Amino acid sequence: MPSRKSAKLENVSTQFVGSDGWLLCSLYGAKDPCDRTKLNEWGDFFNHAIFNDDEVEAGIVRLQAAGYAEVTNDQLYAITPKGRDFVLSNWDPKRGHIINMFAVSDALTSMQS
């Protein structure tokens, strides 16, 4: 039986914005479910910046709707296997992490909702 939360996500637009790729890469970097502090640490690693509230709150909803991320019951952020596969399909180990983050962002934003 689907939860109310998942039913709401079915109606969310997955028209991604550039910061969604940054968020997804940060979740990928964290590997395990993480709190907002750890998410910001990974965001800083990838983009030398800290997420603002809208980038996390709206971005995580779009990523959840696409099946790329989840928020655990204890409010930790996590990448899903589908999200990990998406990152890896756009990641080239010969490139640096910042260029790879932009590649993931470009791939997300070029998708149609």
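The model shown is predicted, which means the values in this text are computed figures rather than measured ones.

J.: Mind laying out helix α4 (residues 53–65), listing which residues take part and the relevant values?
T.: Helix length check: α4 (13 residues) gives 18 Å between terminal C-alpha atoms against 18 Å at 1.5 Å per residue, within 8%. Among the residues of α4, those classed as buried are Glu55, Val56, Gly59, Ile60, Arg62, Leu63 and Gln64. Following α4 by one or two positions, glycine 67 adopts a phi angle in the positive range, close to 85°.

J.: Explain unusual backbone geometry residue by residue, including any values.
T.: Even without being a glycine, lysine 31 presents a positive backbone phi close to 65°. Tracing the chain through its elements places lysine 31 in the loop between α2 (18–30) and α3 (36–47). Among the residues examined, lysine 31 registers a relative accessible area of 58% and is labelled exposed. A positive phi angle, near 50°, is found at histidine 48, a position not held by glycine. Within the secondary structure, histidine 48 is located in the loop between α3 and α4.

J.: With reference to specific residues and values, describe the nonpolar core.
T.: Membership of the largest hydrophobic core comes to 26 residues, with the highest contact counts inside it found for Leu24, Leu27, Leu39, Leu63, Tyr68 and Tyr77. Residue assignment for this core shows that the elements contributing at least two residues are α2, α3, α4, β1 (69–71), β2 (77–79), α5 (81–89) and α6 (97–109). Ranked by residues supplied to this core, first place goes to α2 with six residues. Once residues within four sequence positions are removed from consideration, tyrosine 77 is found in contact with Leu27, Asp32, Pro33, Cys34, Asp35, Arg36, Leu39, Val56, Ile60, Glu70 and Val71.

Quick notes on the rules
Residues numbered from 1 in each chain as written. Predicted model: local features only at pLDDT ≥ 70, side-chain atom pairs only at ≥ 80, totals over all residues. Heavy atoms only, no water. Helix = DSSP H or I, 4+ residues; strand = E, 2+ residues; numbered from the N terminus. Expected span 1.5 Å × (residues − 1). Buried < 20%, exposed > 50% of the residue type's maximum accessible area, 1.4 Å probe, protein only. Core = buried A, V, L, I, M, F, W, Y, C linked by side-chain atoms within 4.5 Å. Contact = heavy atoms within 4.5 Å.

Treat this as a map of the structure, not an account of what it does.
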